[in-house]
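Coordinate analysis (summary)
Here is how the chains run, residue by residue.
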Amino acid sequence: MSEATEKPRERYDAALADDIETKWQAAWKAAGTYHTPNPAGSLTEGPTDGPADLASRPKLFIMDMFPYPSGSGLHVGHPLGYISTDVYARFKRMTGHNVLHTMGYDAFGLPAEEHARQTGVHPRENTEANIANMSRQLARLGLGHDDRRAIATTDEAYYRWTQWIFNQIFNAWFDEDQQKARPISELEAEFADGTRATPDGRPWADLSTSEQRAALHEYRLAYVSEAPVNWCPGLGTVLANEEVTAEGRSDRGNFPVFRRPLKQWMMRITAYADRLLDDLDLLDWTDSIKTMQRNWIGRSEGAHVDFRVPTAADATGEVATIQVFTTRPDTLFGATYMVLAPEHELVDHLVTDAWPEGTKDAWNGGAATPADAVAAYRHTTSQKSDLDRQENKTKTGVFTGSYAVNPVNDESIPVFIADYVLMGYGTGAIMAVPGQDERDWEFAEAFGLDIIRTVQPSADFVGVENGGEGKAYIGDGPAINSGFLDGMEVAEAKSAMIEHLEETGAGEGTVTTKLRDWLFARQRYWGEPIPILFDADGNPLSVPDSELPVNLPELIDWAPRTLDEDSEPEPPLGRATEWTTVELDLGDGTETFKRDLNVMPQWAGSCWYYLRYIDPESDDVVADPTSEKYWMGGEDADAGGVDLYVGGVEHAVLHLLYSRFWHKVLYDLGHVTTKEPFKRLINQGYIQAYAFKDDRGIYVEAADVTETADGYEFDGQSVAREYGKMGKSLKNAVTPDDMYEQYGADTLRLYEMFMGPIDQDRPWETKSVVGSQRLLQRIWRNLVDEDSGELTVSDDAASDALHRVLHRTIDAVRTDMDALSFNTSIARITELNNELTKLDGPTPREVADPLVRMISPLVPHVAEELWQRLGNDTSVVYADFPTADPALLVDDEIEIPVQIKGKVRSRITVAADADDATLEAAALADERIQELLDGAEIRKVIVVSGRLVNIIA
RNA sequence: GCGGACGUGGCGGAACUGGCAGACGCGCCAGGUUUAGGUCCUGGUGCCCGAAAGGGCAUGGGGGUUCGAUUCCCCCCGUCCGCACCA
């Protein structure tokens, strides 16, 4: 770029912005400008250049979902949320709040381990390098974070407390009566004093230490369970369900995943299902996120019903009983067959030696015996991927040979296995009511089973009755063919049936959730070691808090191995042979313990980081109680929580649900004062960008594409435009560093905030950034002479009109900033500045001063520079945000539109406080209106005070 | 299939609890500064008819409520997101 010789010395361009930005970033750092004082404990020091009374001001706790420190650095899409929270935080600092805002790193996780496997670089080394790079990029944005509070989940000082929380959970049980977690010691006391019976009824003292440990283990909120897990040999690890795609492959790397039984750490999140559901009502979150959480929890009310199978015996020799869950107990009279999931444990007992009399051809799967049919069917099912099962909704299944007895009418009904019944939901078995269930109807048709309607379909229902196709009727209506229920509406029939079942002992009302307990263990290296020791009998015991943290052993050969399909799960920590055993006295004499070899999932560190932001230094407590109560707003447990939490919608369910769960346990145990961690949540939108493909279908560098009359061109070739996520793969990434170089950080901030509302996706357009730079240039030029660098601000009073514009702007900007509506704030500031540009003279100080204050949350560096040039010697960061004078918001005279039949035809100027009669008279007297009415009869006149007049002629 | 969000100029987007649709910006057009281009400055810019005055049409489509609808209600179309044989 050739330098124009006459370019003004002090034009606000990228070079000047760079000078200003780096200068003030250094100054803020030196002064600790963003140091937020705690009310007690550590970090009670505030900024040296801020007000002394900060800690006694009302608090505001603002958070971003902290990032994983990726090796590829940032693009302009990443900081969108961070800028939003920064602007809001700065605005709130100027309205008298003590604002806590910082940033950390969610730094454990598989990518560093994968990278390490490829390069041999230790995950810690790689992670720290990535954090350093990302911190540099973020710091250049001028985010007002209290860097004393920055944490990384990989810090030993941090994960010590992650492990401590694990121990809290492990050493707690859920008291169903009180619906809350209590220390396990209280359970032990109940066993000891006989309040609660031991599992086998013997006195507690008669149990051996090992038996006692085993008994307590059954109750713990974190427990070991032998459960089928998703073993992924390609990654050498077990994956959580959410990390497995619908195709049955790993989310990361797309390796095949196999179901294997394994001893796993589980967290009893299901105990909290009701509270996690109910307390959503306390939260200021969007309906869509709340709905997603509700769906994920999937609470449904219904009944358990027991069906006896007289011909079959269960494992204990008892007559087998199949328990089903149903949300429609009212339809029990219509249950004409039963279905078990193929994996159901009772299936083996139900399979008969030979096909009984009456077995239809369709039922036997072409096999000679039920055992053969079941085995073959199970095999076929296990071969099917989840995707197959989804796409092919044709009902399949086979008869087990057994008949169950319907408890309400003693009818004998056949028992099938079919893969449309899932082991993972309810009891893994259903009573099939084809008359009232689509799926059961399809199965019944395919297998020639009886269909009995037990609800009278409504008149408009198009089923067989009304000459239509066969169909289940799901709607409301009176019960029919249902004995004592006949005539009752669905809801009434449901409760009547539940009452009947409970009286006869055939079942009971119950609640089921889709939510499963949380599989918490990972067979990896780069995570928090689970602080558990196993005694000689294999009972798990927590490492004493005084021995925390359990540090990761240093491994040379630490990487997960890629294993073959038949492999057994193998945790990498098992290779640190010296580390795996430890001698310790846990109060029962010195024992030799084996360490748990699993690490925690990545969710763990992010479950509670808000607490450590509050108090990152305390050694003896997870967070200082006074500071915790202050920052979380714990005076009112219902209303408390982080005041604003901003992050991506991809964390709508898991992170937020896990975090809420941990928080509730900590609340029950008295470590935190609020019921919920995050009071208000906003999902910021994503920045997307255009991408371009050539005719071979290969992406070309988007930055080098030019727009032509009829399309787009790259290197002389026409290319096709697409739209999608910004990133390397689409070759459309724009980095913050590019923007700093071309425009400066303030312009980038301003542009990102101007693009649209915070929660909306939006397309990035580098060519539009210039608009934001122009605004800053014009503001600068209105205050500073570009050639001399002198201030062009006068002490003369502003005109009355300007005064009014100023105060209207202040009023609007205050409201909009408070509503996080930064795009409209910027629009109003632009309008004010356009007025200043038109002035054709120096800017009155009484406008310049509030203008600089108003822009400072958005563009802190240039605002601080102008603030200083205006003669201030304290930082604008803690200056008061301007307040509008209400008297200047109302005009003496206003112009209002006059409509004829709803269409604006003229305008009249009237006194602002004119009454309706005056308005009507003025409107009717208006020349243009008279002309248009032309003597027509006026039927009605609607006057909206201060708004408009509408004449109906 | 079920659930949620949304649909406004060439583009990003404004419009409070129903009251002047299109604020602000990008782009585009015209003019100024400049040797020229760019930068920068000033003005214009929803669409259609019209020289203008003015008029007509416009918030995905259709209907409704209302003096008045981007806003409220019903139906349809489309886009995005979540869940998915959940008993």
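Residues numbered from 1 in each chain as written. Chains lettered and ligands numbered in written order. Predicted model: local features only at pLDDT ≥ 70, side-chain atom pairs only at ≥ 80, totals over all residues. Heavy atoms only, no water.

1. A closer look at the side chain of Arg-182
The line we're drawing: The secondary structure listing takes helices from DSSP runs of H or I that are at least 4 residues long and strands from runs of E that are at least 2 residues long, numbered from the N terminus. Here a polar contact means two N or O atoms within 3.5 Å. Within protein one must be a hydrogen donor candidate and the other an acceptor candidate, and residues neighboring in sequence count only if both atoms are side-chain atoms. It only takes one pair of heavy atoms within 4.5 Å for two residues to be counted as in contact.
With respect to the helices and strands, Arg-182 occurs in strand S4 (residues 180-183). In terms of polar contacts, Arg-182 uses its side chain to reach the side chain of Asp-175, at 2.7 Å. Residues contacting Arg-182, with those up to four places away along its chain left out, are Asn-171, Ala-172, Trp-173, Asp-175, Glu-190 and Leu-669.

2. Looking at the nonpolar core
How we decide: For the purposes of this section, nonpolar cores are sets of buried Ala, Val, Leu, Ile, Met, Phe, Trp, Tyr and Cys residues that join through side-chain atoms within 4.5 Å. Relative accessible area decides the class of each residue, using a 1.4 Å probe on protein chains only: under 20% of the type maximum gives buried, over 50% gives exposed, and in between gives partly exposed.
Ranked by size, the top nonpolar core spans 176 residues in total, and within it Trp-265, Trp-662 and Trp-764 carry the most contacts. Not counting residues up to four positions away in its chain, the partners in contact with Trp-662 are Thr-162, Ile-165, Ile-169, Met-267, Trp-518, Phe-520, Ala-604, Cys-607 and Trp-608. If you look at the next biggest cluster of nonpolar residues, it comprises 55 residues, including Leu-346, Val-415, Ala-418 and Met-488.

3. A word on a nonpolar patch on the surface
In plain terms, the rule: For patch building, the residue pool is restricted to those with more than 30% relative accessible area and no salt bridge; the joining distance is 9 Å between like charges and 5 Å between nonpolar side chains (Val, Leu, Ile, Met, Phe, Trp, Tyr). What sets the accessible areas is the Shrake-Rupley method with a 1.4 Å probe; for residues, cover comes only from the shown protein chains. Every case where a carboxyl oxygen of Asp or Glu lies within 4 Å of a side-chain nitrogen of Lys or Arg is listed as a salt bridge.
Together, Met-292, Val-649 and Tyr-686 line one region of the surface with nonpolar side chains, adding up to about 220 Å² of accessible area. Along the chain, the position of Met-292 falls in helix H9 (residues 287-297). According to the relative accessible area criterion, Met-292 is partly exposed, its value standing at 35%.

4. Overview of the environment of His-344
When you line up the elements, His-344 lands in the loop between strand S10 (337-340) and helix H10 (347-350). According to the relative accessible area criterion, His-344 is buried, its value standing at 8%. Sequence separation between His-344 and Gly-428 is 84 residues; the distance between their C-alpha atoms is 6.4 Å. Non-local contacts of His-344, meaning those with residues more than four positions away in its chain, are made with Arg-378, Met-423, Thr-427, Gly-428 and Ala-429.

5. Observations concerning the protein's contact with RNA strand B
We count it as follows: Residue proximity to a molecule or strand is established when one non-hydrogen atom of the residue lies within 4 Å of it. Here the nonpolar group is Ala, Val, Leu, Ile, Met, Phe, Trp, Tyr, Cys and Pro; Asp, Glu, Lys and Arg are the charged ones; every other residue, Gly included, is treated as polar.
Taken together, 56 residues surround RNA strand B, and among them Thr-327, Arg-439, Lys-514, Arg-774 and Arg-907 come closest. The share of sugar and phosphate among atoms of RNA strand B within 4 Å of the protein is 65%. In this structure, a base oxygen belonging to RNA strand B sits 2.6 Å away from a side-chain N or O atom of Lys-395. At a separation of 3.3 Å, a phosphate oxygen of RNA strand B approaches a polar side-chain atom of Gln-760. When residues in the surface near RNA strand B are grouped by element, the largest group, seven residues, is from helix H23 (residues 822-838). Each residue belonging to the surface near RNA strand B can be placed in one class, and the counts come to 19 nonpolar, 18 polar and 19 charged.

6. Comments concerning the packing of helix H21 (residues 769-783) against helix H25 (residues 860-869)
So the rule is basically this: With axes taken as lines fitted to C-alpha atoms, and helix axes fitted only over the stretch in contact, angles between N-to-C directions fall between 0 and 180 degrees. Here the angle decides the label: under 35 degrees means roughly parallel, over 145 means roughly antiparallel, 65 to 115 means roughly perpendicular, and every other value means oblique.
Put simply, H21 and H25 touch, their axes get as near as 11 Å, and they point 5 degrees apart. Overall, the two elements H21 and H25 adopt an arrangement that is roughly parallel. Together, Leu-776, Ile-779, Trp-780 and Leu-783 of H21 and Val-862, Glu-865, Leu-866 and Arg-869 of H25 make up the contact between the two elements.

In short, geometric facts, not functional conclusions.
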